[in-house]
Amino acid sequence: MEDLRVLEPLFKNTLFQFFLYMALVQLLAQVFLDRRVAFWISSFSTTVIWLRYFDPITPLKAWGLILLVFTFYLFPKAFFHFNLFLFLKGRKRCPECYSEVHWKAKKCPFCAHSFKGAEKAGEEE
Ligand SMILES: [Zn+2]
């Protein structure tokens, strides 16, 4: 049990509590709803509860973090057709059938589309 004391400051951190609460609501909502809908419901309900019963600074910081992640993920995706999650998995997306294939693949194993050549990991059309 001694080792768990290292985690104590983390659990006392309100920002951590905010995301923990949000994750729990998200898990619950995901049972009944689509993942995206569940995300919006959990983030908004957590924000409302926090504003009502706790402090207004924590949700502000949390939304700053969420927006930061969104810009890192959505901006490169929209302008450079670069998908961060695909990149981390070492994959690219086939423009013909939208399957995820290994980034070194010359031919799509699903629809036999041949890639022009120098695609990089994370690329998608
Ligand atoms: Zn394909």
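All of these numbers come straight from a predicted model, not from anything done at the bench.

1. Brief notes about the packing of helix H2 (residues 14–32) against helix H4 (residues 57–80)
For step 1, the next point in the chain: In the contact formed by H2 and H4, the axes pass within 9 Å of each other and the chain directions differ by 70°. Compared by their axis directions, H2 and H4 come out roughly perpendicular. Along this stretch, H2 crosses H4, giving a crossing that reads as right-handed. For the pair H2 and H4, contact is made by Thr14, Leu15, Phe18 and Phe19 and by Thr58, Pro59, Lys61 and Ala62, respectively.
For step 2, the next point in the chain: Across the contact of H2 with H4, the residue classes break down as five nonpolar, two polar and one charged.

2. Some remarks on the domain arrangement of the chain
For step 1, the next point in the chain: Domain annotation of the chain identifies domain 1 (2–80) and domain 2 (81–125).
For step 2, the next point in the chain: When each unit is reduced to the centre of its C-alpha atoms, the spacing between domain 1 and domain 2 is 31 Å.
For step 3, the next point in the chain: Residue-level contacts link five residues of domain 1 with four residues of domain 2.
For step 4, the next point in the chain: Across the side of domain 1 that touches domain 2, the residue classes break down as four nonpolar, no polar and one charged.

3. Things to note about H2
Residue pairs three or four apart in sequence face the same way in an α-helix, which turns once every 3.6 residues.
For step 1, the next point in the chain: In a regular helix each residue adds 1.5 Å, so 19 residues correspond to 27 Å; H2 covers 28 Å between its end C-alpha atoms and thus fits that length.
For step 2, the next point in the chain: Residues of H2 that are buried: Phe18, Met22 and Gln26. Buried residues in H2, looked at end-on, bunch into an arc of 65°, giving them a common side. Set apart from the buried face of H2 by more than 90 degrees, the exposed residues are Ala23, Leu24, Leu27 and Val31.
For step 3, the next point in the chain: The secondary structure elements touched by the buried residues of H2 are helix H3 (35–53) and H4.

4. Focus on unusual backbone geometry
For step 1, the next point in the chain: Even without being a glycine, His81 presents a positive backbone phi close to 50°.
For step 2, the next point in the chain: Secondary-structure assignment places His81 in the loop between H4 and helix H5 (84–89).
For step 3, the next point in the chain: A tally of 14 C-beta atoms within 10 Å means that His81 is categorised as partly exposed.
For step 4, the next point in the chain: Of note, the phi angle at Ala112 is positive, near 65°, even though the residue is not glycine.
For step 5, the next point in the chain: On the secondary structure map, Ala112 appears in the segment after strand S2 (100–102).

5. Some words on the packing of H2 against H3
For step 1, the next point in the chain: Direction vectors running N to C along H2 and H3 enclose 140°, while the axes themselves pass 8 Å from each other. Classified by the angle their axes make, H2 and H3 are oblique. Both H2 and H3 take part in a crossing whose hand is right-handed. In contact with Phe18, Tyr21, Met22, Val25, Gln26, Ala29 and Gln30 of H2, H3 contributes Arg35, Ala38, Phe39, Ile41, Ser42, Ser43, Ser45, Thr46 and Trp50.

Procedures and definitions
Residues numbered from 1 in each chain as written. Predicted model: local features only at pLDDT ≥ 70, side-chain atom pairs only at ≥ 80, totals over all residues. Axes fitted to C-alpha atoms, helices over the stretch in contact; angles between N-to-C directions. Helix = DSSP H or I, 4+ residues; strand = E, 2+ residues; numbered from the N terminus. Parallel < 35°, antiparallel > 145°, perpendicular 65-115°, else oblique. Left-handed = near helix turned anticlockwise from the far one by under 90°. Contact = placed C-beta atoms within 7 Å. Nonpolar A, V, L, I, M, F, W, Y, C, P; charged D, E, K, R; others polar. Domains from an automatic or database assignment. Expected span 1.5 Å × (residues − 1). Buried ≥ 20, exposed ≤ 12 C-beta atoms within 10 Å, placed from the backbone. Arc of directions from axis to C-beta.

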